[in-house]
Amino acid sequence: MSIVVQDISKNFGDFQAVDHVSLEVASDSLVALLGPSGSGKSTLLRIMAGLELPDHGQVWIENEDATLRSVQDRQIGFVFQHYALFKHLTIRQNIGFGLNIRKVSKSQTKEKVDELLELIQLKGLGDRYPSQLSGGQRQRVALARALAAQPKTLLLDEPFGALDAKVRKELRTWLRNLHDQVHVTTIFVTHDQEEAMEVADRVVIMNKGKVEQVGTPSEIYDNPASEFVMRFIGETNIISSARRHFPHLGIEDHQQVFLRPHDLAIKSEPEETFTPATVNYAFNLGWEGQAELVLPDSQKLIVKLERDQFDQLGLRPKQEVYVKPLKTKVFSDVA
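Residues numbered from 1 in each chain as written. Predicted model: local features only at pLDDT ≥ 70, side-chain atom pairs only at ≥ 80, totals over all residues. Heavy atoms only, no water.

- If you check an unreviewed UniProt entry, the protein appears there as ABC-type quaternary amine transporter from Pseudanabaena frigida.
- In the Subcellular location (unreviewed entry) part of its UniProt record, the protein is described as follows: "Cell inner membrane". (UniProt positions renumbered as here; feature names shortened; annotations may be inferred.)

Take a look at the structure:
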């Protein structure tokens, strides 16, 4: 089911949570709304769900205006950060709760719940209570409960935010696999960049109530549309007065150059277009090496190298090396 938000705005008192946002979500896609706290991502998700009314703009679902349509009429499943399971009901009863409310027959409910228990890999645990499950298992139950009513769209608000790092990572893979099985249009909110980049087909970067960029994870990382996106997604080096160090780049004196730690070449001997730098520290990460370099004017650069190259250079503190940017970005906007 496709969703289109058209020129949506939402204020809470003097605070503008969403500022004239337009966005298209294709049917069967898996989309992440990514941004810092207060960027408007959760408010936008709640407007899509019908839990909040916009002050301005429209929500279209399958080419029909659904702006004033109730939550129930939108055929949307919603999962919150905190599982909100019924503590006094078993896992089986929690999953089937919505079906019972809709007066679905007992046999159909049992069949659907059995199917979902297998889907979320909790077959055989249906008679347990939420308190008897781990946090990751409870969140899978919450997702199964949302899927029980066969929604056409699944909206997740920081679904793994309350879990520890190891469980979060496990559930990312599980969510990606789940989506590939059920093919439900899925939109999830997160402030975790790695989570968005690992799971989503497309990522929507939000900042101060506006959309900064929409694209695939690789498009967002390799071709950030703004200084904010460059800083927010992945590690970034920023060089001021870069013309002094790297005149071959052909940039203006006042411009800052942005580049990723992987986009630096290092030599152990002088070479044309390379500038000298001193190794401040270097360490082996196992799969790659990382070093901090200091330019002649004391600016610092983080560089990451493939393990073979790192070992070959033998980087050590106070060693003099020569460095050159391979791929840079210059922005005219101010973050």
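Some remarks on the side chain of Ser29
So, step 1. By secondary structure assignment, the location of Ser29 is in the loop between β2 (15-25) and β3 (30-34).
So, step 2. At 2.6 Å, the side chain of Ser29 forms a polar contact with the backbone oxygen of Ala26.
So, step 3. With residues near it in sequence (within four places) discarded, Ser29 still touches His179, Val184, Thr185, Thr186 and Asp201. (Helix = DSSP H or I, 4+ residues; strand = E, 2+ residues; numbered from the N terminus. Polar contact = N/O pair within 3.5 Å; in protein donor to acceptor, adjacent residues only side chain to side chain. Contact = heavy atoms within 4.5 Å.)

Thoughts on the side chain of Arg140
So, step 1. Take Arg140: it is sitting in helix α4 (residues 135-148).
So, step 2. It is Glu170 that comes nearest to the buried, bridge-free Arg140 among opposite-charge side chains, at 6.5 Å.
So, step 3. Those residues in contact with Arg140 that lie beyond four places of it in its chain are Ile120, Gln121, Leu122, Leu171 and Trp174. (Buried < 20%, exposed > 50% of the residue type's maximum accessible area, 1.4 Å probe, protein only. Lys, Arg positive; Asp, Glu negative; His and termini not counted. Salt bridge = Lys/Arg side-chain N within 4 Å of Asp/Glu carboxyl O.)

Thoughts on the domain arrangement of the protein
So, step 1. You can read the domains of the protein as domain 1 (3-233) and domain 2 (237-330).
So, step 2. The centre of domain 1, based on its C-alpha atoms, is set 40 Å off from the matching centre of domain 2.
So, step 3. With seven residues of domain 1 at the interface, the matching set in domain 2 holds eight residues.
So, step 4. In this assembly, domain 1 packs against domain 2 so that about 740 Å² is buried in total across both faces, 51% of it on carbon and sulfur atoms.
So, step 5. Together, Tyr221, Met230 and Arg231 form the three largest contributors to the area buried by domain 1 at its contact with domain 2, with a combined 62%.
So, step 6. Inspection of the domain 1/domain 2 interface yields zero salt bridges.
So, step 7. At the boundary of domain 1 and domain 2, one finds four residue pairs in polar contact (both at pLDDT 80 or more).
So, step 8. The set of elements that each furnish at least two residues to the side of domain 1 that touches domain 2 consists of α7 (217-222) and α8 (227-232).
So, step 9. For the side of domain 1 that touches domain 2, the element with the most residues is α8, which contributes three residues.
So, step 10. In the side of domain 1 that touches domain 2, the residues fall into four nonpolar, no polar and three charged. (Domains from an automatic or database assignment. Buried area = accessible area lost by both parts, 1.4 Å probe. Nonpolar A, V, L, I, M, F, W, Y, C, P; charged D, E, K, R; others polar.)

Looking at the sheet that holds β3
Pairing between the strands of a sheet is mediated by backbone hydrogen bonds and can be parallel or antiparallel.
So, step 1. The six strands are arranged β6-β7-β8-β3-β9-β10 in an open sheet whose pairing can be described as mixed. Since the sheet does not close on itself, it has two edges, and those belong to β6 (76-79) and β10 (210-215), each with one partner. Neighbouring strand axes in the sheet, compared pairwise and without regard to direction, differ in orientation by 15 degrees on average.
So, step 2. Two elements, strand β7 (residues 153-157) and strand β8 (residues 185-190), share five bridges in a ladder whose sense is parallel. Each bridged residue has a counterpart across the sheet, and for Thr153 the counterpart in β8 is Thr185. (Pairing = 2+ DSSP bridges. Axes fitted to C-alpha atoms, helices over the stretch in contact; angles between N-to-C directions.)

Concerning the packing of helix α2 (residues 91-101) against helix α3 (residues 106-119)
So, step 1. Interaxial distance between α2 and α3 falls to 9 Å at its minimum, and their mutual angle equals 130 degrees. As far as their axial angle goes, α3 and α2 are oblique. Read as a crossing pair, α2 and α3 show a hand that is right-handed. Between α2 and α3, the contacting residues are Ile91, Arg92, Ile95, Gly96, Leu99 and Asn100 on the first element and Thr109, Lys110, Lys112, Val113, Asp114, Leu116 and Leu117 on the second. (Parallel < 35°, antiparallel > 145°, perpendicular 65-115°, else oblique. Left-handed = near helix turned anticlockwise from the far one by under 90°.)

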